[in-house]
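Letter by letter, the chains look like this.
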Amino acid sequence: MDTQLKPGLHLSKKFNISENDLASTLQTSKVPFAATPSLIILMERVICEMISTHVPETYTSVSAEINIKHLIPVAAGDQVSCSVHLKFVEDTKLFF
């Protein structure tokens, strides 16, 4: 894949957590804090925005592996920041 995607590319975005993002709303837990799937969606949105102008239109992307740790609980109304950093490119695989 011939693209402008090079290691070091990065993007940070801020998001407000809504009631729809909570584990209690998604019924993955009873706690009123951001659910892991909601946080993964935010990460993927930032990745898609970051690479969209660098990937040929004939290509698309899909996540193959994600590792995530919750450091603190995040409630509705809280703001989170997602920073994505492209570590390396291996053929058509992107590692963040």
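The preceding data block contains the structure.
Worth saying up front: this structure is predicted, and the values here are computed from it rather than measured.

1. Brief notes about the overall build of the chain
No. 1: In terms of helices and strands, the chain carries two helices and four strands.
No. 2: For the chain, the N- to C-terminal ordering of α and β elements is β-α-α-β-β-β.
No. 3: When the backbone C-alpha atoms are referred to their principal axes, the chain occupies close to 45 × 20 × 20 Å.
No. 4: Partitioning the intrachain contacts of the chain with sequence separation of at least 6 by distance along the chain shows that 71% fall at a separation of at least 24.
No. 5: Total accessible area on the chain stands at roughly 7000 Å², and carbon and sulfur atoms take up 53% of it.
No. 6: Each charge class in the chain can be summarised by its mean position, and for the 8 positive and 10 negative side chains these summaries are 6 Å apart.

Cut-offs applied
Residues numbered from 1 in each chain as written. Predicted model: local features only at pLDDT ≥ 70, side-chain atom pairs only at ≥ 80, totals over all residues. Heavy atoms only, no water. Helix = DSSP H or I, 4+ residues; strand = E, 2+ residues; numbered from the N terminus. Contact = heavy atoms within 4.5 Å. Areas by Shrake-Rupley, 256 points an atom, 1.4 Å probe, with all protein chains shown as cover. Lys, Arg positive; Asp, Glu negative; His and termini not counted. Charge placed at Lys NZ, Arg CZ, Asp CG, Glu CD.

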